[in-house]
Structure formats: C-alpha cells, structure tokens
Amino acid sequence: MEKELLYPVANVNRRNESLDGLWQFKFDPKSIGEQADWPKGLSDTLDMPVPSSFNDYFTDKDSREYVGDFWYARHFFVPTEWQDKLVGLRFDAATHRAKIYVNGQLIRSHEGGFLPFTAEINRAVHFGADNLVVVKLNNELHRDRLPAGDTATLRNGHKMAKPFFDFYNYAGLNRSVHLLAVPKTRVIDYSVTYALDGEDATVHYTVTANHNADTTVRLEDANGVVVAKSNGSTGDLLVANAHLWQVGQAYLYKLVIELHQDGATIDTYSAEIGIRTVAIVGHEILINGQSVYLRGFGRHEDSNFAGRGFDLKVETRDLALMKWIGANSYRSSHYPYDEQAYQMADKAGILIIDEVPAVGFKMAAASFLGGLDQNFFDGDWIDSLYDHHLDQVQDLIKRDKNHPSVLAWSLFNEPDTSSEKCVPYFTKLFKATADLDPQKRPRTFTLNEDDTYETSHALQFPDIYLLNRYPGWYHKWGYEISDGEAGLRDELDQWAASDIDKPIVFSEYGGDTQAGLHKLPSVMWSEEYQTELLEMFNRVFDSYDFIRGEQPWNLADFQTVEGNMRVDGNKKGLFTRDRQPKAAAFYLKKRWHDLPLDY
Ligand code: GCB
C-alpha cells in the first residue's frame, strides 16, 4: 500500500471514510514528543481543523511563525467487517514531513508536503473498536529538500523559516485524511494512452494488480452507456465516434476496472478519463491535433485562515474566476495541488502545467528574501536533493498521469541554469523521468529572468520554454517601462533568430498592485500601472508567432514571508486574496475572450 497513489474511492469492494474535522494539535519545540510517549496520546492540546495549515489561526506571532516538530491526533473507529481487508490511512498532503503512529506503533514516515501517501495499519489496528492516530509533523526547510530553504535559529532560541522561494511556508495537515479499506488482491495502478483515427479512438489501457486475477475493463459514456469492453491487464478499447476531451469543452468517460477470482468480483476501481492527445510540433502546442494558445495564470493554494489548506470553496471560486476571465490553463505553481483541483479541471476543460515543488533552486533569485550569493548546483546538498526531487517527480507523474487536464510536467521553477554546474543534474533528472509518463507529455521548467537565450546552459532540456520575465517591475520599472519593452524584444529577437523550434509560453510576468490604489497618470502599485504593464507584455506577445501562451503572475494575491518588498504578501494578483477583481482583470477578460483558441 505504501507506494499506491490511486485516488480513494468507495464502492462495493472499497471503503473510503473521511477523517477530516477537528484534530488535537500541539507544538513540540524541544522535540521531546517521542521520549515523552506522545505517540500514545497527546495531552494539553489545542483543537485544529483538518484540512488546513495551522499558522493563521494563531493570534501570537511565535505560534504563527512556528518552525520545528508539531503533532496532530484523533480517534477513529474501524468496523469488524473490515477484518479481511487492508486498512490504511491516506494523507492527501502532510507538510513537509510526517511520521504516522497508530495505537502507539510507528507505521511509516513520509517526506514531501504536497503529495499523498498511505499508511497500512492492519498490524496496529483494533477491529470493532476505537483507535488512535498520532501524526508527528515537521515544517523545517533545508537545502536538500523540496521546496528549498534554510531553517535559522534566532538568538532567543526560536527557529525561523528562511525560504528560498516567495510563498509563505504554511504547514500542517493541509489536505484531507482518509480511512480506507481495500481488498487484499486489488488494482494498485492503471494508465491510459490514446490514439485518434478519424472519428474513432483507441484507448490503450494498462492495469496493475498486486496479485494475479482476471481483469475486465469497460468504458462508459457520460450517460452510463457501455461503449467498449476488454479483458486482460492490458488491452485496447475501441471507441467509435469518440467524444473528445477538448479545451473548454470537456467530455469525460468512465473507466471501470474489475478484478475477478473464481467467478466473484474481488475489486472494482473506476475513474473519469478524457480522450485527447497532446503533442508539441514545432512552435505549436497541439491538443487533438489542434493548436492551442494558452491563457491563464500561475496560481497558489492560498486563502484566508486556512493558509495552504485545500478548500473546495476557494477552488470553486477560482475556477469561476478563470472561466469569467476566459482562461484555459494554469500552472500548479509551485507544487502539485490537491487532486480534487485536477478532477475539477478535467471537468472544466482546463489545461494544467503540473509542477513539482522544486522551487528555490537559485539563491540569487531569492536575494530579496535574504538569499545568498552562491550557485545552487555547486552545493554539497545536491546529491541528497536529487534523490528527493526524483522521488517527487515519480510520485507526481504516478498520481496525475491519467488526468486529461495535465498538459505538461514542470520539473523546476527557476533553477539556476546560468552556469554549466546545473547540466549534470538536469541530464540525470531528464533521463530518469523520460519514460515515467505513458502519455509522454512534454517536460519543462520555468526560466528565471536572468536565464536567457544567451545565458542559460539548460536550453537543450525542455520541450516547451516557460519564461518568467519581470521588466516593468523588478527592472526598468515605472517611467522606464519603454526600455523594459525594448529589452524584452531584444531577448525575443534572439530566440527568433535561433533554430530552436519549440513553443515559448510566458509563465510569469506582472507587477504588485494594491487594490483600490488609483493614480492618473499611473504609478507603480496602482491599478492603472498593472493594466499598462499587461498591455506592454501583450503588445510584445502579439509580435512573435512562437509565443504560444500567456500566464501572468498571479491569479490572486497570496501570502509570503514578510519583507521590505512585500506589503502583507505578494500583490501581483489579478484578483485580491479574497478573490475580487482588480481593474486589470477586466482588461484581460476582454483580450482573452476576443482571442481565438489557436490564436
Ligand atoms: C518569480 C517566482 C514567483 C514569485 C514571483 C514574484 O519569479 O517564480 O514564485 O512570486 O517571481 O512575484 O517575485
């Protein structure tokens, strides 16, 4: 069960109960929990909602900024009827590292705060009785972990997060917790690939079970009508007059997998899939052979009170805003989002550039956060970091490979590619991840401002170029914006003159904007300046054919560490943190609704 990442379902063979709600919570600044028998139960606790980050409920700063070990606990009941099943606890995300204890026994550990894991608990659990789960979490940042940063100790003894990235280090049980019961012989993974032939399609599937069993697979259309069937652990489902999943016009089929032994159905797993192909041909991004121009955003899982805790209500509002403004895509900057976000994008026909939390791999870029002047890939932490990085890319692709919404894998945000020192790491990672995705989606990463066509040493790796560029904000700002535009055109002229035959997507650009600040003529931070900045970028985009997408930074304002460059967070949102539009959102709405899909 440890390496199984299938999204939990409940059906005739499987059980899935929510353990969301109030948990007991306690800080452990001296890391005494284990010696003090906390795995057997916590005392003197606070109540903490799950899913949520703990930080923003506190009214004192030491608690909100707390870094170190902290604990969660709750009781749960396991029915007697589950005795012949495997019982597990699935954590959709525990940020950043976790140890799971059940009835005092250590069950497993997990590193990585944005991907799910399951702890199989049969050996510790009492059937037909009450049980206790205790979770030890730790939110320290390290250079050899994802996302990268340091943990400092202040002179008063308190630890402090020093992220090399620009989002608040929210931590806790940020996503749902499930109590699962699954058959001992079961489906542990599946994948699908697609081939289109005129009006028809072939869905090639592979089902992995943990033990031998007869496999049957069927495909149902949106009305529940079975349109294709097959037997065996791999096979083809032929779909006549296939209804394709299109950008903005999703259509989902249901794939139903069953395992049989001695005439009985011993496991069932079903999921929605969308028939579509993804290809990069020359400068074009093709979905079902049709060129698509991306418009959308970089985003964050970030909201009031819950911090990075996944909230269906916020995600629903964000999707409504994206629809309103005419977006067709987003990047899951800077970490994999909750799986429900992908299911919702599958339904909405939204494309996702799916990113691992490999962020903070460029110290100079974090200079405004107190970053250091050292090449990141020169550090002695690199080998250890690589192992964690690869592990998370593997889990990301395993988790998300069947979502029609996933367009591409982003393997880093703004790594330092300004020297050759990055090349061995990139070579190894791109090689090790080449065959992980059965659909062979493009792999990419974002290029920081000073990793240009001229200076980057990693241009041979991505299938699509993602550029993060901030003229008009971090340099050539205000009245100098015309020089910013000229400089951007100079860089793009170099790309144009090159023989690199790949699409370029602008994956970040923009400027901080204080909602409600108006000024004529504009000044930086005013709503007028944000619109002028976007207009400048759009003029540039419209001059180069090989630019195949625009994703301004950010959908909404979000929380960061405090600092002299941030006024209570990053304010580059087109929407405020409570998801109301700034003036530039109306400007973008008009542009994006007027642009044809293939622009
Ligand atoms: C970037 C980063 C993003 C920051 C953004 C900014 O290049 O990728 O995480 O939030 O710039 O606003 O500085």
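What counts, and where the lines are drawn
Residues numbered from 1 in each chain as written. Predicted model: local features only at pLDDT ≥ 70, side-chain atom pairs only at ≥ 80, totals over all residues. Heavy atoms only, no water. Helix = DSSP H or I, 4+ residues; strand = E, 2+ residues; numbered from the N terminus. Rg over C-alpha atoms; globule rule 2.2 N^0.38 Å. Buried < 20%, exposed > 50% of the residue type's maximum accessible area, 1.4 Å probe, protein only. Contact = heavy atoms within 4.5 Å. Areas by Shrake-Rupley, 256 points an atom, 1.4 Å probe, with all protein chains shown as cover. Lys, Arg positive; Asp, Glu negative; His and termini not counted. Charge placed at Lys NZ, Arg CZ, Asp CG, Glu CD. Axes fitted to C-alpha atoms, helices over the stretch in contact; angles between N-to-C directions. Parallel < 35°, antiparallel > 145°, perpendicular 65-115°, else oblique. Left-handed = near helix turned anticlockwise from the far one by under 90°. Nonpolar A, V, L, I, M, F, W, Y, C, P; charged D, E, K, R; others polar. Pairing = 2+ DSSP bridges. Polar contact = N/O pair within 3.5 Å; in protein donor to acceptor, adjacent residues only side chain to side chain. Near = heavy atom within 4 Å. Domains from an automatic or database assignment. Salt bridge = Lys/Arg side-chain N within 4 Å of Asp/Glu carboxyl O. Core = buried A, V, L, I, M, F, W, Y, C linked by side-chain atoms within 4.5 Å.

Q: Quick question: what am I supposed to make of the overall build of the chain here?
A: When helices and strands are tallied, the chain shows eight helices and 30 strands. What you see for the chain is a C-alpha radius of gyration of 24 Å, in line with the 25 Å of a compact globule of 599 residues. Projecting the C-alpha coordinates of the chain onto the three principal axes gives extents of approximately 70 × 70 × 45 Å. By the burial criterion, 60% of the 599 residues in the chain qualify as buried. Contacts in the chain between residues at least 24 apart in sequence constitute 72% of all its contacts with a sequence separation of at least 6. When the accessible area of the chain is evaluated, it comes to approximately 22,900 Å², of which 50% is carbon and sulfur surface. Side chains of the chain give 62 positive and 88 negative charges; the mean places of these two sets differ by 3 Å.

Q: How should the packing of helix α6 (residues 481–497) against helix α7 (residues 527–541) be read in this particular structure?
A: Packed helices, taken two at a time, are described by the angle between their axes plus the distance between the axes. It is at 10 Å that the axes of α6 and α7 come closest, and there the two elements cross at 25 degrees. Our classification of the angle between α6 and α7 gives roughly parallel. The interaxial crossing formed by α6 with α7 has right-handed handedness. From α6, I481, G484, E485, L488, R489 and L492 reach across to α7, where they touch Y529, L533, M536, F537, R539 and V540. Of the residues in the contact of α6 with α7, the class split is eight nonpolar, one polar and three charged.

Q: So what exactly am I meant to see when it comes to the pairing of strand β21 (residues 284–287) here?
A: If a strand is regular, its side chains alternate between the two faces of the sheet. Pairing of strand β20 (residues 278–281) with β21 involves four bridges; the strand directions are antiparallel. Following the sheet pairing, I280 is matched in β21 by I285. Between β20 and β21, which pair antiparallel in sequence order, lie two residues; one of them, G282, sits at a positive phi of approximately 55 degrees. Taking the residues between adjacent antiparallel strands as the criterion, β21 and strand β22 (residues 290–291) are bridged by two residues, where N288 takes a positive phi near 55 degrees.

Q: Got a minute to help me understand helix α3 (residues 339–348) in this structure?
A: Note on helix geometry: an α-helix contains 3.6 residues per turn, so any two residues three or four positions apart are oriented the same way. When you tally the buried positions in α3, you get seven out of ten residues, the bulk of the element. Buried residues along α3 sit in contact with β5 (86–91), α2 (312–325), β24 (329–331), β25 (351–355), α4 (382–400) and β26 (406–413). At the N-terminal end of α3, a side-chain oxygen is found 2.8 Å from the backbone nitrogen of Q340, two or three residues along, and the residue is D338.

Q: Looking at this model, I keep getting lost on the side chain of T185. Mind explaining?
A: Examined against the element boundaries, T185 turns out to sit in the loop between β12 (177–182) and β13 (187–197). Each residue touching T185, except ones within four places of it in the same chain, is listed here: N210, H211, N212, A213, L259, Q261, I266 and D267.

Q: Just checking my understanding: could you explain the sheet that holds strand β9 (residues 129–138) for this structure?
A: Backbone hydrogen bonds hold the strands of a sheet together, and the pairing may be parallel or antiparallel. Read across the open sheet, the six strands follow the order β3-β2-β4-β9-β6-β7; overall the sheet is antiparallel. Edge positions in the sheet fall to β3 (46–50) and β7 (105–111), since each has one partner strand and no second. Strand-to-strand twist across the sheet, computed as the mean angle between neighbouring axes with direction ignored, equals 30 degrees. Bridge analysis of strand β2 (residues 21–28) against β3 gives five bridges, and the strand direction is antiparallel. Bridged to Q24 within β3 is D47.

Q: What is the right way to look at the site of the ligand in this model?
A: For the ligand, the set of nearby residues contains 13 residues, the closest of which are D166, H334, E414, Y474 and K572. The separation between an oxygen atom of the ligand and a polar side-chain atom of R566 is 3.2 Å. A distance of 2.5 Å separates an oxygen atom of the ligand from a polar side-chain atom of K572. A total of 320 Å² of accessible area belongs to the ligand in isolation, and the protein chains cover 93% of it. Its residues assigned to classes, the shell around the ligand shows four nonpolar, four polar and five charged.

Q: I'm lost on the domain arrangement of the chain in this one. Help?
A: Taken domain by domain, the chain consists of domain 1 (15–182), domain 2 (187–273) and domain 3 (278–594). Just the C-alpha atoms count here: the centres of domain 1 and domain 2 sit 36 Å apart.

Q: Before we go on, may I ask you to explain unusual backbone geometry in this structure?
A: If a residue is not glycine, its phi is most likely negative; likewise, a peptide bond is most likely trans. Along the chain, T95 connects to H96 via a cis peptide bond; the corresponding omega equals -5 degrees. By the secondary structure assignment, H96 is in the loop between β5 and β6 (97–102). In this structure, P521 follows L520 across a cis peptide bond, with omega equal to -5 degrees. If you trace the backbone, P521 turns up in the loop between β29 (504–508) and α7. Phi is positive for F305, which is not a glycine, with a value near 70 degrees. Mapped onto the elements, F305 comes out in the loop between β23 (294–298) and α2.

Q: What should I look at first to understand the pattern of salt bridges in this one?
A: Pairing is possible between side chains that carry opposite charge, provided their charged atoms lie close to one another. With the rule as written, the count across this model stands at 49 salt bridges. The residue E4 makes a salt bridge to R186 at a minimum N-O spacing of 2.6 Å. On the criterion of sequence distance, the pair formed by E4 in the segment before β1 (15–18) and R186 in the loop between β12 and β13 is long-range, its members being 182 residues apart. One exposure class covers both E4 and R186, and it is buried. In this structure, the salt-bridge partner of R90 is D92, at a minimum N-O distance of 2.6 Å. Judged by relative accessible area, which is 0%, D92 ranks as buried.

Q: Mind showing me how you'd approach the environment of T208 here?
A: With respect to the helices and strands, the residue T208 is situated in strand β14 (residues 200–209). Residue classification places T208 among the partly exposed positions, given a relative accessible area of 36%. Residues T208 and V187, spaced 21 residues apart in sequence, show a C-alpha to C-alpha distance of 5.9 Å.

Q: Before we go on, may I ask you to explain the sheet that holds β20 in this structure?
A: Here we have three strands laid out as an open sheet, ordered β20-β21-β22, and antiparallel in their pairing. Two strands lie at the open edges of the sheet, namely β20 and β22, each paired on one side alone.

Q: Please clarify how the nonpolar core should be interpreted in this entry.
A: As a rule of thumb, nonpolar side chains are buried together in soluble globular proteins. F361, F376, F412, L492, W495 and F506 are the most contacted members of the largest nonpolar core, which totals 89 residues. Looking at which domains feed residues into this core, each of domain 1 (15–182) and domain 3 (278–594) gives three or more. Sequence-distant contacts of F361, defined by excluding residues within four places in its chain, comprise L146, A148, F376, F377, L385, H389, F412, E414, P415, D416 and Y425. By size, the runner-up hydrophobic cluster in this structure holds 35 residues, among which are M48, Y72, V87 and L173.

Q: Teacher, can you tell me more about the pairing of β6 here?
A: For β6, a buried count of five out of six residues is recorded, marking the element as mostly surrounded by other parts of the structure. Sheet analysis places β6 next to β7, joined by six bridges and oriented antiparallel. Bridge pairing in β7 links I100 to R108. Hairpin connection, β6 to β7: the antiparallel pair is bridged by two residues, and N103 has positive phi, about 45 degrees. Sheet topology places β6 next to β9; six bridges connect them, and they run antiparallel. If you follow R97 over to β9, its bridge partner there is N138.

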